[in-house]
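Overview (structure and organization)
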Amino acid sequence: MKHYLLSVVQPAGGQPPAPDALAEIMRDVEAFNDELRAAGAWVFAGGLHGPETATMLRPKDGDVLITDGPFAEGKEYLGGLCLIRAADLDEALEWGRKAALATTLPIEVRPFVDQH
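Residues numbered from 1 in each chain as written. Predicted model: local features only at pLDDT ≥ 70, side-chain atom pairs only at ≥ 80, totals over all residues. Heavy atoms only, no water.

1. Considering the nonpolar core
Note the following rule: We define the nonpolar core as a collection of buried residues of types Ala, Val, Leu, Ile, Met, Phe, Trp, Tyr and Cys that are connected through side-chain atoms lying within 4.5 Å of one another. Categorising residues by exposure relies on relative accessible area from a 1.4 Å probe, with only protein chains included: less than 20% of the type maximum marks a residue as buried, more than 50% marks it as exposed, and the intermediate range marks it as partly exposed. Note on conventions: DSSP H or I runs of at least 4 residues are helices, E runs of at least 2 residues are strands, and numbering of each starts at the N terminus. The criterion used for residue contact is that any of the two residues' heavy atoms lie within 4.5 Å.
Membership of the largest hydrophobic core comes to 15 residues, with the highest contact counts inside it found for Leu6, Phe32, Leu36, Ile84 and Trp95. Within the residue set of this core, elements represented by two or more residues are β1 (2-11), α1 (19-39), β5 (76-86), α2 (89-103) and β6 (107-111). A total of four residues in this core trace back to one element, the largest contributor, which is α2. In this structure Trp95 touches Leu6, Phe32, Glu35, Leu36, Ala39, Ala41 and Ile84, once residues within four positions along its chain are discounted.

2. Things to note about the packing of aromatic side chains
Definition in use: Geometry of aromatic contacts follows a simple scheme: Phe, Tyr and Trp rings, the Trp one being its six-membered ring, pair when their centres are within 6.5 Å, and the pair is stacked under 30 degrees between planes, edge-to-face over 60, tilted otherwise. Lysine NZ or arginine CZ positioned within 6 Å of the ring centre and within 35 degrees of the ring normal marks a charge as sitting over the ring.
Enumeration over the complete set of coordinates arrives at one aromatic pair. Where Phe32 meets Trp95, the ring centres are 6.0 Å apart and the plane angle is 65°; that geometry is what we call edge-to-face. Taken together, the residues span a long stretch of sequence, with Phe32 in helix α1 and Trp95 in helix α2 at a distance of 63 residues. Phe32 sits in the buried class, given a relative accessible area of 7%. The exposure class assigned to Trp95 is buried, which follows from its relative accessible area of 8%. Directly above the aromatic system of Trp42 lies the positively charged group of Arg37, at a separation of 4.4 Å from the ring centroid.

Right, dumping it as structure tokens:
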């Protein structure tokens with residue numbers, strides 16, 4: 001089994017769903033996580049606060065510079081992630097499809113490097 005990262009792509013500046021819609025999305029996400037667990041594919045999942053809560057650490061002249069906020073502004077940001085086990089890319093893409101339907105957001109699927 002290989003590991004894949006399912007990244008939840010959040011649009012910058014977007015408005016959160018209405019409370020009722022958000023509650024339904026969260027139920028769908030929990031059902032998705034339950035399905036991953038039942039299939040033995042779940043490793044870890046979690047949502048992230050917005051990029052304005054980030055702290056950046058950059059190496060500079062043998063030290064590390066610490067600053068508030070993201071490095072660059074963008075139209076999208078990482079809103080959450082899910083680490084899964086899958087036999088191959090096709091299976092990971094199927095989990096990504098289910099994640100997109102549950103979250104109602106774009107999902108990026110990426111394999112980890114050097115897995116055999």
